[in-house]
Amino acid sequence: MNITVTCRRAVADDVEALFELIQGYAEQGIMLPRSKEALLRHITTFVVAEMEGSFVGCGSLFRLGSDLVEIRSLGVTEGHKGLGIGRKVVDFLVDEARKEGIPKIMALTYEVAFFQKNGFEVVEKEIFPEKVWTDCIHCKKQHCCDEIAVLKRLD
C-alpha cells in the first residue's frame, strides 16, 4: 500500500480540524489546549498533514528566541498513527527552522523515542528559560512537569 502524505502551511479554514485534534490530546492530558482564537492568531506557525485531501495531522513551530524554536501541538488523527505522518510533519518543521536560520529546535514530549528517531537528544528542560517564561508559568503541571525535553541542533 502506497500512502502519500503531503504537508502544507495551515490556513484559516484549518482551525476547526486543528482545534478538534489538539483538544482530543489536551483532554488526555498530553498536550496543552489551544483556543480557536489562539489557533487563528498563530495560524502561520502551523503545518497540516493531509492524505488524499483529508486532514490527518498537524504541528507548529513556535519561536522562543533568536536561536531557538519549539515544535508544539504535534499530533496525528486516530487511525492514522504509525504511518510516518508525525515524521513528515517534523521534517517539514525542521526544514522551516533551517530556512529561517534557527540553529536549535526543542520540544517537550512524552514520546521520547519518536523524537530520538528523528535526530533529537534528551536534555534538561532547565536549559530553556525561554520556554519556562513563555508557557510553563501558565501550566497546571508547572511544579510537577513530567514531560521530557528534547533538542535537535541544526548544522
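Per-chain numbering applies: the sequence of each chain, read as written, is numbered from 1 onward. Reporting in this predicted model follows two pLDDT cut-offs: at least 70 for local features of residues, and 80 or more for side-chain atom pairs to be given and counted; totals over whole chains, interfaces and linings ignore these cut-offs and use all residues. Computation of side-chain values covers all heavy atoms of the structure but excludes hydrogens and water.

S.K.: Looking at this structure, how should I read the pattern of salt bridges?
M.R.: Opposite charge on two side chains makes pairing possible when the charged atoms of those side chains draw close. Take a side-chain nitrogen of Lys or Arg and a carboxyl oxygen of Asp or Glu: if they are within 4 Å of each other, that pair is a salt bridge. Inspection of every chain in the model, using the stated rule, returns twelve salt bridges. Arg 153 is the salt-bridge partner of Glu 121, the closest N and O atoms lying 2.8 Å from each other. Taken together, the positions of Glu 121 in strand β6 (residues 121–123) and Arg 153 in strand β7 (residues 148–153) put the pair 32 residues apart, joining distant regions of the chain. Salt bridges linked by common partners bring Arg 8, Asp 14 and Glu 50 together as one network. Helix and strand assignments follow DSSP, with helices taken as H or I runs no shorter than four residues and strands as E runs no shorter than two, numbered in order from the N terminus.

S.K.: Please clarify how the pairing of strand β2 (residues 46–51) should be interpreted in this entry.
M.R.: Side-chain positions along a regular strand alternate between the two faces of the sheet. Of all six residues making up β2, six are buried, and the element is well covered by its neighbours. Each residue's exposure class comes from its accessible area (1.4 Å probe, protein chains only) as a fraction of the maximum for that residue type: buried when under 20%, exposed when over 50%, partly exposed otherwise. On β2, burial covers both faces: Phe 46, Val 48 and Glu 50 on one face and Val 47, Ala 49 and Met 51 on the other are all buried. Sheet analysis places strand β1 (residues 5–9) next to β2, joined by five bridges and oriented antiparallel. Across the sheet, Cys 7 pairs through a bridge with Ala 49, a residue of β2. Bridge analysis of β2 against strand β3 (residues 54–65) gives six bridges, and the strand direction is antiparallel. The residue of β3 that forms the bridge with Phe 46 is Ser 60. Strand pairing requires that DSSP identify at least two bridges connecting the strands.

S.K.: What's the story with helix α3 (residues 85–99) in this structure? I'm lost.
M.R.: Helical geometry note: an α-helix holds 3.6 residues per turn, so side chains three or four residues apart project in the same direction. In this scheme, a helix's expected span is set at 1.5 Å multiplied by one less than its residue total. An ideal rise of 1.5 Å per residue puts 21 Å on 15 residues; α3 measures up with 21 Å between its terminal C-alpha atoms. Among all positions of α3, only Ile 85, Gly 86, Val 89, Val 90, Leu 93, Val 94, Glu 96 and Ala 97 are buried. After α3 finishes, the residue Gly 101 shows a positive phi value of roughly 70 degrees.

Keep in mind these values describe shape, not function.
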